[in-house]
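What the coordinates show
What follows is each chain in one-letter form.
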Amino acid sequence: MSKKIHEFNNIIRKLRKDLFGKGPERIETTFVDHMAISTLYGNLTPTERFIADTDDGKEMILIARTRMIQDLYKESPPEGLEELVGAKLVHLFSDLKVDEDIAVSVFVFDRKI
């Protein structure tokens with residue numbers, strides 16, 4: 001893994017740990033042109049896993065996690081992220097499969113990374 005990807009993953013992990021109380025256990029990131037595509041494994045807290053036992057609970061976790069992270073990035077990208085890749089973050093697309101505890105984030109930047 002390149003140093004840049006490792007540092008990118010650390011920024012994502014720290015932000016999510018600070019925001020949700022638990023960061024992903026593993027992150028795989030690939031840079032493609034002007035995008036960074038990250039797959040995050042082991043995201044949910046024990047409390048969220050308990051809540052996910054119902055369909056309503058799964059929906060609540062999905063909405064909370066995806067909206068919170070998108071709103072946070074829209075307000076201000078994490079410190080050091082844009083400097084690391086040398087580009088401005090334009091959009092973040094995020095989704096979560098609650099049952100599998102896998103999330104995907106697609107970071108779109110204003111120029112090739």
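Residues numbered from 1 in each chain as written. Predicted model: local features only at pLDDT ≥ 70, side-chain atom pairs only at ≥ 80, totals over all residues. Heavy atoms only, no water.

Looking at an unreviewed UniProt entry, one finds the chain named DUF2294 domain-containing protein, with Siminovitchia terrae as its source organism.

As for the UniProt feature "domain: Na+-translocating membrane potential-generating system MpsC" (unreviewed entry) in the chain
Here the UniProt feature "domain: Na+-translocating membrane potential-generating system MpsC" (unreviewed entry) sits at residues 5-111. What you have in residues 5-111 is 45% helix and 29% strand, and the ends, taken at the C-alpha atoms, are 17 Å apart. (UniProt positions renumbered as here; feature names shortened; annotations may be inferred. Helix = DSSP H or I, 4+ residues; strand = E, 2+ residues; numbered from the N terminus.)

Thoughts on the pairing of strand β4 (residues 102-109)
Both strand β2 (residues 35-41) and β4 contribute to a ladder of seven bridges, which runs antiparallel. When the sheet's bridge partners are listed, Y41 is paired in β4 with I102. Sheet topology places strand β3 (residues 89-97) next to β4; eight bridges connect them, and they run antiparallel. The residue bridging K97 from the neighbouring strand is I102, located in β4. The antiparallel hairpin formed by β3 and β4 contains four residues in its connecting segment, where D101 sits at a positive phi of about 55°. (Pairing = 2+ DSSP bridges.)

As for the packing of aromatic side chains
Enumeration over the complete set of coordinates arrives at three aromatic pairs. Ring centres of F8 and F31 lie 5.5 Å apart, and the angle between their planes is 90°; on these two criteria the pair is classed as edge-to-face. Remark: F31 occurs in strand β1 (residues 26-32) and F8 occurs in helix α1 (residues 3-20); sequence separation between them is 23 residues. An aromatic cluster of three or more residues is present, and its members are F8, F31, Y73 and F107. Over the aromatic face of Y41 sits the side chain of R26, whose NZ or CZ is 3.9 Å from the ring centroid. Cation over ring: R65 sits above F20, and NZ or CZ is 4.1 Å from the ring centre. (Phe/Tyr/Trp six-rings, centres within 6.5 Å; stacked < 30°, edge-to-face > 60°. Lys NZ or Arg CZ within 6 Å of the ring centre and 35° of its normal.)

Quick notes on a nonpolar patch on the surface
On the surface, a cluster of nonpolar side chains totalling about 170 Å² of accessible area is made up of V32, I37 and V104. By secondary structure assignment, the location of V104 is in strand β4. (Patch = residues over 30% accessible without salt bridge, like charges linked within 9 Å, V, L, I, M, F, W, Y side chains within 5 Å. Areas by Shrake-Rupley, 256 points an atom, 1.4 Å probe, with all protein chains shown as cover. Salt bridge = Lys/Arg side-chain N within 4 Å of Asp/Glu carboxyl O.)

Considering the sheet that holds β3
What the four strands build is an open sheet, ordered β1-β2-β4-β3; its pairing is antiparallel. Strands with a single pairing partner mark the edges of an open sheet, and in this sheet they are β1 and β3. Neighbour-to-neighbour, the strand axes of the sheet open up by a mean angle of 15°, direction not taken into account. Relative to β2, β1 runs antiparallel, the two sharing seven bridges. Among the inter-strand pairings, F31 is bridged to a residue of β2, identified as A36. Across the sheet, α1 is in contact with β1, β2, β3 and β4; its angle to β1 comes to roughly 130°. Docked against the sheet, helix α3 (residues 55-75) engages β3 and β4, running at close to 165° with respect to β3. (Axes fitted to C-alpha atoms, helices over the stretch in contact; angles between N-to-C directions. Contact = heavy atoms within 4.5 Å.)

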